[in-house]
Amino acid sequence: MPLALLALAVGAFGIGTTEFVMMGLLPDVADDLNISIPRAGHLVSAYALGVVVGAPLLAAATARIPRRNVLIGLMALFVTGNALSAVAPGEGTLLAARFVSGLPHGAFFGVGAVVATGMVAPERKARSVSLMFLGLTVANVVGVPAATAMGQQLGWRATFLGVGAIGVAAIASLVALIPRENAPAPTTGLRGELAALRSLPVWLALGTTVAGFGALFSAYSYITPMLTDAAGYAGSSVTLLLALFGVGATAGNLLGGRLADHSLRGTLFGGLASLALVLALFPFLMRTQGTAALAVALLGTAAFVTGSPLQLMVMEKASAAPSLASSANQAAFNLANAGGAWIGGLALAAGLGETSPALAGAALAVLGVAVAAAAHTVDRRRATPTPHRERVVTGHLPEETQTVRR
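Predicted, not measured: the structure shown is a model, and the values here were computed from it.

Scoring rules and cut-offs
- Residues numbered from 1 in each chain as written.
- Predicted model: local features only at pLDDT ≥ 70, side-chain atom pairs only at ≥ 80, totals over all residues.
- Heavy atoms only, no water.
- Helix = DSSP H or I, 4+ residues; strand = E, 2+ residues; numbered from the N terminus.
- Buried < 20%, exposed > 50% of the residue type's maximum accessible area, 1.4 Å probe, protein only.
- Contact = heavy atoms within 4.5 Å.
- Areas by Shrake-Rupley, 256 points an atom, 1.4 Å probe, with all protein chains shown as cover.
- Axes fitted to C-alpha atoms, helices over the stretch in contact; angles between N-to-C directions.
- Left-handed = near helix turned anticlockwise from the far one by under 90°.
- Core = buried A, V, L, I, M, F, W, Y, C linked by side-chain atoms within 4.5 Å.
- Nonpolar A, V, L, I, M, F, W, Y, C, P; charged D, E, K, R; others polar.
- Salt bridge = Lys/Arg side-chain N within 4 Å of Asp/Glu carboxyl O.
- pLDDT = per-residue confidence, 0-100.
- Phe/Tyr/Trp six-rings, centres within 6.5 Å; stacked < 30°, edge-to-face > 60°.
- Expected span 1.5 Å × (residues − 1).
- Bend = angle between axes of the 7 residues up to and from the residue.
- Patch = residues over 30% accessible without salt bridge, like charges linked within 9 Å, V, L, I, M, F, W, Y side chains within 5 Å.

Now for the overall build of the protein. From N to C terminus, the protein includes 17 helices and 2 strands. With 406 residues in all, the protein has 53% of them scored as buried. Restricting to contacts in the protein with at least 6 residues of sequence separation, those with at least 24 account for 82%. Counting every atom, the protein has about 17,100 Å² of accessible surface; 66% of that belongs to carbon and sulfur.

Written out as structure tokens, the structure is:
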């Protein structure tokens, strides 16, 4: 695997850290700005909104710029957003800064996936994407706990300065490790990129992402009350248990990349089915602390087995112009985050029990399997040539019989 993938992983590590660290800093930010924790929670939503808006817009706006330069520019925007977060004087400016921080997220992963697959042999494409995503999963194991501890000891502003420093290191890595010839300017331009989004298989692939990762976030958004109320863990133990999720996600990401290089479709179906099974078992696994810890790790593994296969499937469906579609898939991940949390919340509000969000997630995972099956059916129909029908046209004499194909 090329060393240049390390540069992409460093950028992914910084992005993953800044995305999730706000959840651990909400009480500190709320106290400092004299706002309630629910209002501080809007800072998480502002980042997600930035991802959804920025992913397609920035990918489209940079359609004719060399991809190496695009990646460097996106990380520069990332550094700017985190620096603004560190010096924001109030709630409004911090909301705007978090929105700016989220803008480059989707486009970086989208364009980065195109660059990663372009540097390796065809049989290693999924593994190259999984190695880039490795930075994101490792961020949940190392980056987020370390950044949260920094914020608690030195103040939350120090956290964003530290994350900005990671962005500077990512820029240096991109400049040093990604050769210009491995990340040239796209040849299709904006019109070709937009044309790729008119394809039904692309939209079915994006729909699979929304359903599959909506299943994850339906449960993960409410994992803390499940662990404390259902499994009986103390609140102080949750951070360590969430690190188990990161370990499982890292293992699932690497496993999914390797398996998808052998069978992309099989890995996708297997991952979604495994996710549905794990979520369906949550009510039983949450009865004891030992099995609850196992459930958290298995959730991360099953969910992230599908990460690189989903990204690669979208790119393959838009093979002529993959940058915009690949970035749109990152927007789909964040829509899944918001939608899954909303559906899981509906299950809780209906009084169905502490583990009901997991069961709602299992239903979403089954929906993901159904959408993936529909995509597979469409692919098979498009790949099957339409048989020619023959019509015999007879002239005035028997020997003048001729066959005309239509």
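Contact geometry for helix α1 (residues 4-33) and helix α6 (residues 125-154): axes closest at 6 Å, N-to-C directions at 35°. In the crossing of α1 with α6, the sense of the turn from one axis to the other is right-handed.

So, about the nonpolar core. Within soluble globular proteins, side chains that are nonpolar tend to cluster in buried spots. Ranked by internal contacts, the top residues of the largest apolar core, which has 56 residues, are Leu216, Phe282 and Met286. Filtering out sequence-adjacent residues up to four positions away, methionine 286 remains in contact with Ile223, Met226, Leu227, Ala230, Ala231, Ala292, Ala295 and Thr355. The next biggest cluster of nonpolar side chains, apart from the first, holds 35 residues, and it includes Ile15, Tyr47, Leu74 and Phe108.

Where helix α11 (residues 238-260) meets helix α14 (residues 289-304), the closest approach of the two axes is 7 Å, and the angle between their N-to-C directions is 35°. Between α11 and α14 lies a crossing of right-handed hand. In this structure, α11 contributes Leu241, Leu244, Phe245, Gly248, Ala249, Gly252 and Asn253 to the contact, and α14 contributes Ala293, Val296, Ala297, Leu299, Gly300, Thr301 and Phe304. Across the contact of α11 with α14, the residue classes break down as 9 nonpolar, 5 polar and no charged.

Tallying each qualifying case throughout the model produces 2 salt bridges. Its salt-bridge partner being aspartate 32, residue arginine 157 comes within 3.7 Å of it at the nearest N-O pair. Here aspartate 32 lies in helix α1 and arginine 157 lies in helix α7 (residues 156-177), a separation of 125 residues in the sequence. On the accessibility criterion, arginine 157 (26% relative accessible area) is partly exposed. With a relative accessible area of 42%, aspartate 32 lands in the partly exposed category. Here arginine 127 ties to aspartate 261 by a salt bridge, and the two come within 2.9 Å at their closest N and O atoms. Taken together, the residues arginine 127 in helix α6 and aspartate 261 in the loop between α11 and α12 (264-280) connect sequence positions 134 residues apart.

The next subject is the confidence of the model for the protein. When the pLDDT values of the protein are averaged, the result is 84; 89% of them are 70 or greater. The model gives residues 389-406 a pLDDT under 50, and that stretch makes 18 contacts with residues more than four places away or in other chains.

It is worth spelling out the packing of aromatic side chains at this point. Counted by the stated rule, this structure contains 7 aromatic pairs. Seen in terms of ring centroids, tryptophan 156 and phenylalanine 160 are 6.1 Å apart; in terms of plane orientation they differ by 80°. Their pairing is edge-to-face. Pair noted here: tryptophan 156 and phenylalanine 160 are both in helix α7, with a separation of 4 residues, about one helical turn. Seen from their ring centres, tyrosine 220 and phenylalanine 245 are 4.2 Å apart, and the 25° between their planes marks the pair as stacked. A residue pair is termed long-range when its members are at least 10 positions apart, and tyrosine 220 in helix α9 (residues 200-220) and phenylalanine 245 in helix α11 qualify at 25 residues.

Over its 21 residues, α9 extends 30 Å from the first C-alpha to the last, a length consistent with the 30 Å expected when each residue adds 1.5 Å. At glycine 214, α9 shows its largest bend, some 25°. The buried fraction of α9 amounts to 17 of the 21 residues, a majority that puts the element mostly inside the structure.

What follows covers a nonpolar patch on the surface. Together, Leu49, Val53 and Leu57 make up a nonpolar patch on the protein surface, roughly 260 Å² of accessible area in all. Here valine 53 is to be found in helix α3 (residues 42-61). With a relative accessible area of 31%, valine 53 lands in the partly exposed category.

Mapped onto the fold, leucine 25 is located in helix α1. The spatial distance from the C-alpha of leucine 25 to the C-alpha of threonine 159 is 9.2 Å, given a sequence separation of 134 residues. Setting aside anything within four residues of it in sequence, one finds leucine 25 in contact with Thr148, Gly151, Trp156 and Thr159.

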